[in-house]
Amino acid sequence: MSDKEFWEDFYSNKKGTLEPSSFATYVFEEIKLSGNLVELGCGNGRDSIFFAEQGLEVFGMDQCQSTVSRLSELNKENTRFEVQDFTALGDLGKFDNVYSRFTLHSVSKEQASRTLNWAYGALNDGGKLCIEVRSVNDELCGQGTEVGKDAYVTDHYRRFVRMDEMLEELRGIGFQITYSIESKGLAVYKEEDPSIIRIVATK
Ligand SMILES: C[S@@+](CC[C@H](N)C(=O)[O-])C[C@H]1O[C@@H](n2cnc3c(N)ncnc32)[C@H](O)[C@@H]1O
């Protein structure tokens, strides 16, 4: 099963919570996001819908047709959803915020780098890039079949991130780091308490 099939299957079985993530509520309340926002890999749309309900104009994208169709049919105010591969985006206009939660560890280092560079180009000056990813210090890192540096396949692919490397890359692209943290206790889901990285970078 490909990763795309894995996520199609995951969301067609309506797995995953519809509650907004604690990262979404954190960046909305503490970073005070406003304006428009593009979400890369929106999954079942829980965070996109949350941002739209707070008044942001939201463009959610995912590789999965089923979840994009379901979200589009909701006709929710301030939202639009499209099937897109976020690692190969062209000119989609300008955004005040690019939001990526638990998605950059779903793709290779090269694809993630392309995405970060795309985000810089797509942001307005002062715009925010909000990232939450699994860290190399996550207990899942090392489980499954090793397929590259810090990359493993269990039932799907994950490439665990080193915070210092990502911060250096973001600074190299031109971002300023507004907020960064690596910790457990931030993305608790059922029995899972992964070690994760949060970064907010400003153009
Ligand atoms: C772990 S889920 C996270 C979903 C959502 N951001 C959340 O926090 O609930 C990863 C999502 O990224 C999507 N995804 C992975 N690679 C993608 C790509 N290259 N382009 C678009 N979506 C992708 C998957 O289809 C899946 O919906």
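Okay, so let's go over this structure. (Residues numbered from 1 in each chain as written. Predicted model: local features only at pLDDT ≥ 70, side-chain atom pairs only at ≥ 80, totals over all residues. Heavy atoms only, no water.)

Description of the site of the ligand
Consideration 1: By nearness alone, 18 residues border the ligand, and G41, R46, D62, D85 and R101 come closest of all.
Consideration 2: Contacts to the ligand include Q84, whose backbone N or O atom sits 3.5 Å from a nitrogen atom.
Consideration 3: The contact in question runs from a nitrogen atom of the ligand to an N or O atom on the backbone of F86, over 3.0 Å.
Consideration 4: Here the residues of the shell around the ligand sort into 6 nonpolar, 7 polar and 5 charged. (Near = heavy atom within 4 Å. Polar contact = N/O pair within 3.5 Å; in protein donor to acceptor, adjacent residues only side chain to side chain. Nonpolar A, V, L, I, M, F, W, Y, C, P; charged D, E, K, R; others polar.)

Focus on the nonpolar core
Soluble globular proteins tend to pack their nonpolar side chains together in the buried interior.
Consideration 1: Ranked by size, the top nonpolar core spans 29 residues in total, and within it W118, L129, I131 and L170 carry the most contacts.
Consideration 2: Excluding residues that lie within four positions of it along the chain, L129 makes contacts with V98, L116, A119, L123, L170, F175, I199, V200 and A201.
Consideration 3: Of all hydrophobic cores here, the second largest spans 14 residues; its members include A24, V27, F50 and C130. (Core = buried A, V, L, I, M, F, W, Y, C linked by side-chain atoms within 4.5 Å. Buried < 20%, exposed > 50% of the residue type's maximum accessible area, 1.4 Å probe, protein only. Contact = heavy atoms within 4.5 Å.)

Some remarks on the sheet that holds strand β7 (residues 151–153)
Consideration 1: On the basis of which strands lie adjacent, the open sheet formed by 3 strands has the order β6-β7-β8 and antiparallel pairing. Bordering the open sheet on either side are β6 (145–148) and β8 (157–159), each of which pairs with just one other strand. For this sheet, the mean angle separating the axes of adjacent strands, direction not counted, is 30°.
Consideration 2: Note: β6 against β7, 3 bridges, orientation antiparallel. Looking across to β7, one finds that E146 is bridged to Y152. (Pairing = 2+ DSSP bridges. Helix = DSSP H or I, 4+ residues; strand = E, 2+ residues; numbered from the N terminus. Axes fitted to C-alpha atoms, helices over the stretch in contact; angles between N-to-C directions.)

Overview of the packing of aromatic side chains
Consideration 1: Evaluation of the coordinates by the stated rule reveals 14 aromatic pairs.
Consideration 2: Note that R80 overlies the ring of F59, its terminal NZ or CZ placed 3.8 Å from the centroid.
Consideration 3: Lying over the aromatic face of F102, R101 brings its terminal NZ or CZ to 4.2 Å of the ring centre. (Phe/Tyr/Trp six-rings, centres within 6.5 Å; stacked < 30°, edge-to-face > 60°. Lys NZ or Arg CZ within 6 Å of the ring centre and 35° of its normal.)

Some details on the pairing of strand β2 (residues 57–62)
Put simply, side chains in a regular strand alternate between the two faces of the sheet.
Consideration 1: Among the 6 residues that make up β2, 5 are buried, leaving the element largely enclosed by the rest of the structure.
Consideration 2: In terms of strand pairing, strand β1 (residues 36–40) meets β2 through 5 bridges, oriented parallel. Residue pairing across strands places E39 opposite G60, the latter belonging to β2.
Consideration 3: Assessed by its sense of winding, the connection that carries the chain from β1 through helix α3 (residues 46–53) to β2 is right-handed. (Right-handed = clockwise from strand over helix to strand, strands pointing away.)

Some points on the pattern of salt bridges
Consideration 1: Tallying each qualifying case throughout the model produces 11 salt bridges.
Consideration 2: For K184, the salt bridge goes to E139, with nearest N and O atoms at 2.8 Å. Highlighted residues: K184 in the loop between β9 (176–183) and β10 (196–202) and E139 in the loop between β5 (123–134) and β6, separated in sequence by 45 residues.
Consideration 3: Judged by its relative accessible area of 60%, E139 falls in the exposed class.
Consideration 4: Three or more residues are tied together by salt bridges with common partners; here these are K149, D150, R162 and E165. (Salt bridge = Lys/Arg side-chain N within 4 Å of Asp/Glu carboxyl O.)

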